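Structural overview for review
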Amino acid sequence: MVLAHTSKVVLGCVAFGIFWVLAVFPSVPFMPVGRTAGSLLGAMLMVLFRVISPEDAYAAIDLPIIGLLFGTMVVSIFLERADMFKYLGNLLQWKSRGPKDLLFRVCIVSAIASALFTNDTCCVVLTEFILKVARQNNLPPQPFLLALATSSNIGSAATPIGNPQNLVIAVESGISFGQFLLGVFPAMIVGVLTNAAILLCYFWRYLNVEPADQERGGVVSTGPEVVGDDEVTSHRFTPARMSHVSSINPDDFDCVSEPIIRSASVNGDHLRSRSVNSNANAADADMQFSISIEDAPPSSPTDDEAAANQNGDKDKGELPEVVEKRWKVLVWKTAVYLITLGMLIALLMGLNMSWTAITAALVLLALDFTDAQACLEKVSYSLLIFFCGMFITVDGFNKTGIPNTMWELVEPYSRIDSARGVALLGLVILILSNVASNVPTVLLLGTRVAASAAAISPASERKAWLILAYVSTVAGNLTLLGSAANLIVCEQARRAQFFGYNLSFWSHLRFGVPSTIVVTAIGLLIVSSY
């Protein structure tokens, strides 16, 4: 493809440049409008400058990708409401054998969870919990935050639903869920283990905490006071654009429900109802039921017992109601997990990914038996709009002919039928993913890399797509700005109340550069041999 007319090339570069600046630096001083508005501005300029026609702009929006994103968002919201991420957080502490074991668990749990529930979601819901666990055990937060961010990125490379760029690759390439998993999963596992080993080596002396120090629970130099066990185990996940409560209220199966704390005690054969405790500061507390049963001694009743006996008939019916509501919650959670499992099985069977995710989302919404507005409001529509604008902007930039011209210069040296070509292709993807972001990189390079590989063999074409998926995802670990997951961990940690921590750009870069280079090199060897 030759370059377009000079005016079209110049205006297309201006529109794409504005989109790139606002996408990579959403808070630039001269126009702090954010990524979503930046993508819409880029799309609008492409149409106004007549780089792309309005009809072509509408056609550039990939609806299957938008549908797949929407479906996975809704499923993630219901999983968060069903306490899936709370259970994952508790798994991090279960029979932990020290700081190094805890760090290793963070790497494994965040990687596997990201492959199934997207990396951004896992980083949103696990950051504050990991911060609390680190403070509780008198440990520096930095290694655990880096473990969460980097392992989530690496883990998300294993499946088409792990991150947005993989969604694009799966839809554009036609690679099934199972083929994608088989091609990238071994590289992901080795990459996560390698990243964990580098973390342990890098922070070994910081993780050698004396047992006496841990028992004292003192204050570490990098943050404020350590929190207690009860505060950690009762921590609420409150991710932006997701549920504000992690478990549903048995009294109200709506998405947004005020939690109620009740306590009932049974004395002998009689039930005494205590007062309902409500606190404005505990608006995000879990529904807690504590029922203590004591054997009544054969003695004369006291005044309190006599008063309780007078109201016994009135209170006897409350215990069955409590049990019934708890069973409703259990059945609801089980249904959410089974529907999610069914969605994953359908994806592995090769069914259409977009409609599978949308169907699972609609079944969950119908199962709720309430107005779906409260749940749908938590979908990140700004991300969906960002993708629409980005599709139009990138398609307009492609019509200028610049991406094709640049690829023609590199293509003869980056063919995947040689080790040197694979290495050069990986380097190009790595650099471009950090310069232009990973999703635009996939949109710009995907079809070109696949077409070049298809000239070798059909198997090479699939291998090229998988290399693009793996490297563009792991490239996000290079710098703090490399992926949205990194920024989520950074912002969530900085804004955490009482136990906040600032993960700086340079502290991430010092670890990110060696880790990304090693993990990318090892992964390229595994994926290219598939």
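The preceding data block contains the structure.
Here's what I pulled together on the structure shown here. (Residues numbered from 1 in each chain as written. Predicted model: local features only at pLDDT ≥ 70, side-chain atom pairs only at ≥ 80, totals over all residues. Heavy atoms only, no water.)

**A short note on the overall build of the protein chain**
Counted only if it meets this: Helix numbers and strand numbers start at the N terminus; a helix is a DSSP run of H or I with at least 4 residues, a strand a run of E with at least 2. Using a 1.4 Å probe on the protein chains alone, a residue whose accessible area is under 20% of its type maximum counts as buried, one over 50% counts as exposed, and one in between counts as partly exposed. Any pair of residues with heavy atoms lying within 4.5 Å of one another is described as a contacting pair. The Shrake-Rupley method, run with a 1.4 Å probe, gives the accessible areas here. Residue values count only the displayed protein chains as cover.
Looking only at helices and strands, one finds 24 helices and three strands in the protein chain. Taking all 530 residues of the protein chain together, 51% fall into the buried category. The contacts of the protein chain with a sequence gap of at least 6 include a subset with a gap of at least 24, amounting to 79%. Within the structure as shown, the protein chain displays about 24,100 Å² of accessible surface, and the carbon and sulfur contribution to it stands at 62%.

**What about the pattern of salt bridges?**
The test is simple: By definition here, a salt bridge exists when the distance from a side-chain nitrogen of Lys or Arg to a carboxyl oxygen of Asp or Glu is within 4 Å.
The tally for this structure, following the rule as stated, stands at four salt bridges. Across the pair R81 and D368 runs a salt bridge whose closest N-O atoms are separated by 3.1 Å. Residue R81 is found in helix α4 (residues 63–81), and its partner D368 is found in the loop between α16 (353–367) and α17 (373–376); the two are separated by 287 residues along the sequence. Salt-bridge contacts for E411 lead to R415; the nearest nitrogen and oxygen are separated by 3.2 Å. Classification of E411 as buried rests on a relative accessible area of 18%.

**Describing the environment of A23**
Position of A23 among the secondary structure elements: in helix α1 (residues 6–24). Between the C-alpha atoms of A23 and G38, which are 15 residues apart in sequence, the distance is 6.4 Å. Not counting residues within four places of it along the chain, the set of residues in contact with A23 comprises R35 and F386.

**Points about the packing of helix α22 (residues 458–474) against helix α24 (residues 505–528)**
Rule in force here: In this description, a line fitted to the C-alpha atoms serves as the axis of each element, helices being fitted only across the stretch in contact, and the angle between N-to-C directions of two axes falls anywhere from 0 to 180 degrees. Here the angle decides the label: under 35 degrees means roughly parallel, over 145 means roughly antiparallel, 65 to 115 means roughly perpendicular, and every other value means oblique. Handedness of a crossing is defined here by the sense of rotation of the near helix relative to the far one, left-handed for an anticlockwise turn of less than a right angle and right-handed for a clockwise turn. Polar here means any residue other than Ala, Val, Leu, Ile, Met, Phe, Trp, Tyr, Cys and Pro, which are nonpolar, and Asp, Glu, Lys and Arg, which are charged; Gly is therefore polar.
Running from N to C, α22 and α24 point in directions that differ by 165°, and their axes come no closer than 10 Å. One way to sum up the angle between α22 and α24 is to call them roughly antiparallel. The two elements α22 and α24 cross, and the hand of that crossing is right-handed. Contact residues: α22 offers K463, L466, I467, Y470, V471 and V474, while α24 offers T516, V519, T520, G523, L524, V527 and S528. Of the residues belonging to the contact of α22 with α24, the class tally is eight nonpolar, four polar and one charged.

**Overview of the nonpolar core**
Which entries qualify depends on this criterion: Remark: nonpolar core denotes a set of buried residues (Ala, Val, Leu, Ile, Met, Phe, Trp, Tyr, Cys) joined through side-chain atoms within 4.5 Å.
The biggest cluster of nonpolar side chains holds 132 residues, and the ones touching the most others in it are F78, F144, L199, F387, M390, I467 and Y470. Not counting residues within four places of it along the chain, the set of residues in contact with F144 comprises P99, L102, L103, V106, I130, A134, L139 and L207.

**A word on a nonpolar patch on the surface**
Just so we agree on the cut-off: Exposure above 30% relative accessible area and the lack of any salt bridge qualify a residue for a patch; like charges then connect within 9 Å, and the nonpolar side chains Val, Leu, Ile, Met, Phe, Trp and Tyr within 5 Å.
Taken together, the side chains of L319, V323, W327, L330 and V331 make up a nonpolar region of the molecular surface, amounting to roughly 460 Å² of accessible area. As for its position among the elements, L330 is in helix α15 (residues 318–348). Look at L330 and you get partly exposed, because its relative accessible area is 44%.

**Observations regarding the packing of aromatic side chains**
Just so we agree on the cut-off: Two aromatic rings from Phe, Tyr or Trp, using only the six-membered ring of Trp, form a pair when their centres are within 6.5 Å; if the ring planes differ by under 30 degrees the pair is stacked, by over 60 it is edge-to-face, and anything between is tilted.
In this structure the tally under the stated criterion is 10 aromatic pairs. Seen in terms of ring centroids, F78 and W332 are 6.2 Å apart; in terms of plane orientation they differ by 35°. Their pairing is tilted. Remark: W332 occurs in helix α15 and F78 occurs in helix α4; sequence separation between them is 254 residues. Exposure class is identical for F78 and W332. Each is buried.

**Overview of α1**
One turn of the α-helix equals 3.6 residues, which is why residues spaced by three or four share an orientation. Selection rule: Under the convention used throughout, the expected extent of a helix is 1.5 Å for every residue step, that is, one less than its residue count.
Under the 1.5 Å per step criterion, the end-to-end length of α1 is 26 Å for 19 residues, consistent within 8% with the ideal 27 Å. Among all positions of α1, only V9, G12, A15, F16, F19, L22, A23 and V24 are buried. Considering only its buried residues, α1 is in contact with α2 (34–48), α18 (381–399), α19 (402–410), α20 (419–436) and α21 (438–454).

**Here's the deal with the side chain of T150**
Selection rule: Here a polar contact is taken to be a pair of N or O atoms separated by no more than 3.5 Å, where protein atoms must pair a possible hydrogen donor with a possible acceptor and residues adjacent in sequence count only if both atoms sit in side chains.
With respect to the helices and strands, T150 occurs in helix α8 (residues 141–156). Here N195 takes part through its side chain, which lies 2.9 Å from a polar atom of the side chain of T150. With residues up to four places along the chain from it excluded, the contact list for T150 reads N195, L199, N477 and F511.

**Description of α24**
Applied cut-off: The bend at a residue is defined as the angle formed between two axes, one fitted to the seven residues ending at that residue and one fitted to the seven starting there.
Counted at 1.5 Å a residue, the expected span for α24 with its 24 residues is 34 Å, and the 32 Å between its end C-alpha atoms agrees. Maximum bend of α24: about 35°, positioned at G512, with proline P514 one to four residues after it. All of the buried residues in α24 are S507, H508, F511, G512, S515, T516, V519, T520, G523, L524 and V527. Where α24 is buried, its residues touch α8, α10 (177–202), α20, α22 and α23 (484–495).

That is the geometry; function is a separate question.
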